Amino acid sequence: MNEQEILTLWKSQDSKIEKVMAMNSKILKEQISQKSKKALFGFKAEKITGIIFGLPYLIILGSILGIGLQVSSLAGNYFLISIGMIFLINLKIFADYVRHLVMSYQIDFSGAVADIQKKLIELRFSLIRSVRYIGFQLPFYSTLHLDSSWFPSQANAVGIIIQVLITGIFTFAAIWIFLNFKPENSNHKIVKKLFFIAGIKEIDQSMQQLEELKNY
């Protein structure tokens, strides 16, 4: 075997090795991409569950509000005002659940890594903004039992103080959630836990899987 034949054989073997390495790299990329996609399964399941249970809840709230407005005036009616605000806030939450579910299904995990990361970041920020508004309904749950015929005109001083304290605490909690639920506070113990419940954990896991693709 002369030198030219050896060189040709070497090039042929080298080409085969490159093709095998390229194929292995492609398979590995696809596996990592699928892991990133699977990491969002929990997020999608949580949103679907929220939609399934949220729709009947909205129907109930809407029905109560509709019937109440037919038999009573909204002016000075603590119960109807509270139900109305809870309904509107939960309507926004429900719409956000639907929007986030649609956003998660629009991510093409077979596409470019940069595009996938961009979509995940947009989903993450949108979710954080949505969570900030959930607390706004808290104060209205503390006023559902009030009756304008006796409160505050006929209520005793102790009852008024207790009511103001409870509603004040719930209002403080709502404001605290709105002001502190930001990306820069994601390491705060309480904020982090509630973010995880909302689905941030699954998004972060998906993004972590994508980081491995940068090495290929």
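Note that the coordinates shown come from a computational prediction; the quantities given were computed from them, not determined experimentally.

This next bit is on the layout of surface pockets. What the largest pocket holds in volume is close to 250 Å³. In this structure, the largest pocket is lined by 16 residues; those nearest its centre are Val131, Ile134, Leu194, Ile197 and Ala198. Secondary structure elements with two or more residues in the lining of the largest pocket: helix H2 (41–71), helix H3 (78–105), helix H4 (113–132) and helix H7 (189–198). Looking at the lining of the largest pocket residue by residue, the class counts come to ten nonpolar, three polar and three charged.

This next bit is on the packing of H4 against helix H8 (residues 200–211). Contact pair H4 / H8: the axes reach a minimum separation of 10 Å and the direction vectors enclose 160°. The orientation of H4 with respect to H8, classified from their angle, is roughly antiparallel. At the point where H4 passes H8, the crossing takes the left-handed sense. When H4 is examined against H8, the residues Val113, Ile116, Gln117, Leu120, Ile121, Leu123, Arg124, Leu127 and Ile128 are found in contact with a partner set consisting of Ile200, Ile203, Asp204, Ser206, Met207, Leu210 and Glu211. For the contact of H4 with H8, the residue count by class is eleven nonpolar, two polar and three charged.

Further remarks concern the pattern of salt bridges. Inspection of every chain in the model, using the stated rule, returns three salt bridges. Residue Lys47 pairs with Glu46 through a salt bridge whose shortest N-O separation is 3.2 Å. Look at Lys47 and you get buried, because its relative accessible area is 2%. With its nearest N and O atoms 2.8 Å apart, the salt bridge here joins Asp96 to Lys92. Residue Asp96 and its partner Lys92 are both found in helix H3; the two are separated by four residues, about one turn of the helix. Here Asp96 falls in the buried class, since its relative accessible area comes to 5%. You can call Lys92 partly exposed: its relative accessible area is 34%. A single salt-bridge network, built from bridges that share partners, covers Lys92, Asp96 and Arg99.

Cut-off values and rules
Residues numbered from 1 in each chain as written. Predicted model: local features only at pLDDT ≥ 70, side-chain atom pairs only at ≥ 80, totals over all residues. Heavy atoms only, no water. 1 Å grid on protein atoms, 1.4 Å probe; cavity = no way out; pocket = protein on both sides within 12 Å on 5 of 7 lines; lining within 4 Å. Points joined across faces, edges and corners; volume = space filled by probe spheres on them. Helix = DSSP H or I, 4+ residues; strand = E, 2+ residues; numbered from the N terminus. Nonpolar A, V, L, I, M, F, W, Y, C, P; charged D, E, K, R; others polar. Axes fitted to C-alpha atoms, helices over the stretch in contact; angles between N-to-C directions. Parallel < 35°, antiparallel > 145°, perpendicular 65-115°, else oblique. Left-handed = near helix turned anticlockwise from the far one by under 90°. Contact = heavy atoms within 4.5 Å. Salt bridge = Lys/Arg side-chain N within 4 Å of Asp/Glu carboxyl O. Buried < 20%, exposed > 50% of the residue type's maximum accessible area, 1.4 Å probe, protein only.

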